[in-house]
Amino acid sequence: MQDLRARDEGWMRHALALAVRAEREDDEIPVGAVLVSGDGEVLGEGWNRNIGDHDPTAHAEIIAMRQAGRHLGNHRLLASTLYVTLEPCAMCAMAMVHARIARVVFGAFDPKTGAAGSVFELLTDPRHNHRIDVAGGVLGDEAGLMLSNYFRRKRGKPPL
């Protein structure tokens, strides 16, 4: 159990570093994601690109899954874990279900559009032919603060 928590926190730190790049390099909302195989290999990673790419589907999770699919030469991402700094939205959650991701670990909860328990329960819904194990709140305070400060800066307010 402690090994899993340490591994989750380590990969979440990687996702947080990607989120920093989203804001610093592209002035995007700081959300980062990394998809890891069961053996601990990075299959894909990314950060939000929807503003810069003019693409409403270019969320961090989608970018990471697209890279992983190309890396594996397969649309199924079996036995993988996706680490993302913000609770997935409905679009990303359903893409994860279709990709057959085994596990999702997220940082901050999203009380407005979260689809991994906050608003919807799409990843674990028994009506789907695939369900995903979910762990939320991993380094959630840090991830949430990063997001809050991004929006505060956009509104000309000092960081928290």
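This one's a predicted model, so the numbers in the text were calculated from it and none came from an experiment. (Residues numbered from 1 in each chain as written. Predicted model: local features only at pLDDT ≥ 70, side-chain atom pairs only at ≥ 80, totals over all residues. Heavy atoms only, no water.)

(A) Up close: the overall build of the protein. Looking only at helices and strands, the protein has four helices and five strands in total. Listed by position from the N terminus, the elements making up the protein come as α-β-β-α-β-α-β-β-α. For 160 residues, the compact-globule estimate of 2.2 N^0.38 gives 15 Å, and the protein sits close to it at 15 Å. Along the first, second and third principal axes, the C-alpha set of the protein runs to 45 × 30 × 30 Å. Looking at the protein as a whole, 48% of its 160 residues qualify as buried. Considering only residue pairs separated by 6 or more positions, the protein has 56% of its internal contacts joining residues 24 or more positions apart. For the protein, the centre of its 19 positive side-chain charges and the centre of its 21 negative side-chain charges are spaced 3 Å apart. (Helix = DSSP H or I, 4+ residues; strand = E, 2+ residues; numbered from the N terminus. Rg over C-alpha atoms; globule rule 2.2 N^0.38 Å. Buried < 20%, exposed > 50% of the residue type's maximum accessible area, 1.4 Å probe, protein only. Contact = heavy atoms within 4.5 Å. Lys, Arg positive; Asp, Glu negative; His and termini not counted. Charge placed at Lys NZ, Arg CZ, Asp CG, Glu CD.)

(B) Just the packing of aromatic side chains, in detail. Under the criterion given, the structure shown has three aromatic pairs. For the pair Phe 106 and Phe 109, a centre-to-centre distance of 5.0 Å together with 85 degrees between the ring planes defines the contact as edge-to-face. The buried category is assigned to Phe 106, whose relative accessible area is 1%. When the ring of Tyr 150 is compared with that of Phe 151, the centres are 5.1 Å apart and the planes differ by 80 degrees; the resulting orientation is edge-to-face. (Phe/Tyr/Trp six-rings, centres within 6.5 Å; stacked < 30°, edge-to-face > 60°.)

(C) Spotlight on the pattern of salt bridges. All told, the structure shown has ten salt bridges when counted by the stated rule. Here Arg 153 makes a salt bridge to Glu 23, at a shortest N to O gap of 2.7 Å. Residue Arg 153 is found in helix 4 (residues 140–154), and its partner Glu 23 is found in helix 1 (residues 2–26); the two are separated by 130 residues along the sequence. Taking the relative accessible area as the measure of exposure, Arg 153 reaches 43% and is therefore partly exposed. Two residues, Arg 127 and Asp 125, come together in a salt bridge whose shortest N-O distance is 2.5 Å. Judged by its relative accessible area of 74%, Arg 127 falls in the exposed class. Given a relative accessible area of 11%, Asp 125 falls into the buried group. Look at the salt bridges and you will find they share partners, linking Asp 26, Arg 49 and Asp 53 into a network. (Salt bridge = Lys/Arg side-chain N within 4 Å of Asp/Glu carboxyl O.)

Function cannot be inferred from these measures alone, as they are strictly geometric.
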